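# Chain and residue survey
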Amino acid sequence: MKTIAQSPGSATIINAISTGSGSAFGIKLYVTAEVKLTESKSTINCSTDRNVDTTLMEKCVKKVLDKFKENFPEHEIDTGVSVKTASTLPVASGLSSSSATSNAVIMATHEALKTKYLDGSTEDYLNSHDLINMGVDASLEAGVTITGAFDDASASFFGGYTVTNNVNRKILKMDKLDEQNILVFMPNRKSLTAQSDVSRMKLISPQVKLAFEEALKGNLYDALTLNGILYSAALGFNPKMALDAIGAGARAAGLSGTGPSFVAVAGDGDIDNIADVWSSYPGEIIRTEVDNTGTRVIGSG
């Protein structure tokens, strides 16, 4: 018996590192997690199609198991768990691959345990925020994030966009986002969030707060562009990438996360122009769209 869950990555509107508040939106690049309960009691086995450490996956599974045992001690849960992930998300790119991994693994594990021990009951002892918070905790413990990335995690979980207080893990605003084309530019380098220069990002906090206020007002595209240019300056990325995209017709463009990827929001008539401009830079261009669906179970059996 296996359970499969799929979780989208997300792109940055406001990076939360400098102020503790952030915003992100889902994109149609995914991490898929396949979970099987096994006879190898209390053993967690994780594998992935990418050459990445599986510590985060293991911590996610353990958190769901521990919570399940705590809530349902009468079931004497003593099962092994095997997890396999596959991804269309670039790793260490600023597109929330860690949050998507956490959400997919946690939801698939949660559903597998419910199916086996609660006979598929619709009783949901963990609400959506519980599941997100377990992933945030696991990400912090695994050292793959600085703030816990509650903004990324919530946008990945619910789809659409979220505006969040990451310190208190509160969603201040959320909604579906207009169906838009999204262009992602991936330079030939990686950028691990946990290794970023926090002190440099703190220097721009007054200006990032202004961008965040725009996001709260609903001016998401202006907020994305301003945030992207600010963080590009703080982290040493060339903001010309964003300006070139805007010059080619993008509604918004900027650095995603702590880089190295840039994202552009484009109408149908502008997507080719933006791709042409970006093609002069060394790297990969990915065409995708806004995801308004979020994390979900896509198969079992």
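Residues numbered from 1 in each chain as written. Predicted model: local features only at pLDDT ≥ 70, side-chain atom pairs only at ≥ 80, totals over all residues. Heavy atoms only, no water.

### Concerning the overall build of the chain
Put simply, the rule reads: Here a strand is any run of E in DSSP of at least two residues, a helix any run of H or I of at least four, and the numbering for each starts at the N terminus. For this measure, only C-alpha atoms enter the radius of gyration; the expected value for a globule follows 2.2 Å times N^0.38, where N is the number of residues. Partly exposed describes any residue whose relative accessible area lies between the buried limit of under 20% and the exposed limit of over 50%, with all areas from a 1.4 Å probe on protein chains only and scaled to the type maximum. By definition, residues are in contact when any of their heavy atoms lie within 4.5 Å. Per-residue and other accessible areas were derived by the Shrake-Rupley procedure at a 1.4 Å probe size, with only the shown protein chains allowed to occlude residues.
Scanning the chain for helices and strands turns up nine helices and eleven strands. Its C-alpha radius of gyration of 19 Å places the chain within 12% of the 19 Å reference for a compact globule of 301 residues. Counting only C-alpha atoms and orienting by the principal axes, one finds that the chain spans roughly 60 × 35 × 30 Å. Counting over 301 residues, the chain shows a buried share of 55%. Contacts in the chain between residues at least 24 apart in sequence constitute 75% of all its contacts with a sequence separation of at least 6. Carbon and sulfur atoms form 47% of the exposed surface of the chain, whose accessible area is close to 12400 Å².

### Thoughts on the environment of glutamate 141
As for its placement among the helices and strands, glutamate 141 is situated in helix α3 (residues 128-142). Residue glutamate 141 is classed as partly exposed on the basis of its relative accessible area, which comes to 46%. Leaving out residues up to four positions away in the same chain, glutamate 141 has contacts with Lys59 and Lys63.

### What about the sheet that holds strand β9 (residues 262-266)?
Applicable threshold: For two strands to be treated as a pair, DSSP must find at least two bridges joining them. Each axis is a line fitted through C-alpha atoms, taken for helices only over the stretch in contact, and angles between the N-to-C directions span 0 to 180 degrees.
Strand order in the open sheet formed by four strands is β8-β9-β7-β10, with antiparallel pairing between adjacent strands. Each of the sheet's edge strands pairs with one partner strand only, and the pair in question is β8 (252-255) and β10 (283-289). Neighbouring strand axes in the sheet, compared pairwise and without regard to direction, differ in orientation by 15 degrees on average. Sheet topology note: the strand β7 (residues 181-187)/β9 ladder contains five bridges and is antiparallel. Considered in β9, the bridge of phenylalanine 185 is made with phenylalanine 262. Sheet strands touched by helix α8 (residues 240-247): β7, β8 and β9. Its angle to β8, the strand with the most contacts, is close to 170 degrees.

### Observations regarding the domain arrangement of the chain
Rule in force here: What counts as a domain boundary in this text is fixed by an automatic or database domain assignment. As a working definition, buried area equals the accessible area (1.4 Å probe) given up by two parts on being put together, with both sides summed. Salt-bridge detection follows one rule: a side-chain nitrogen of Lys or Arg within 4 Å of a carboxyl oxygen of Asp or Glu.
Considered domain by domain, the chain is made up of domain 1 (2-176) and domain 2 (181-289). Here domain 1 and domain 2 have C-alpha centroids that lie 25 Å from each other. Of the residues lining the interface, 32 residues belong to domain 1; the matching set on domain 2 comes to 38 residues. Counting the surface lost from both domain 1 and domain 2, the interface buries some 2700 Å², and carbon and sulfur atoms represent 69% of this. For the interface between domain 1 and domain 2, the tally reads one salt bridge. The salt bridge involving lysine 28 is made with glutamate 289; its shortest N-O contact spans 3.2 Å.

### Things to note about the pairing of β7
Extensive coverage of β7 is indicated by the burial of seven of its seven residues. Here β7 shows two buried faces, one formed by Asn181, Leu183, Phe185 and Pro187 and the other by Ile182, Val184 and Met186.

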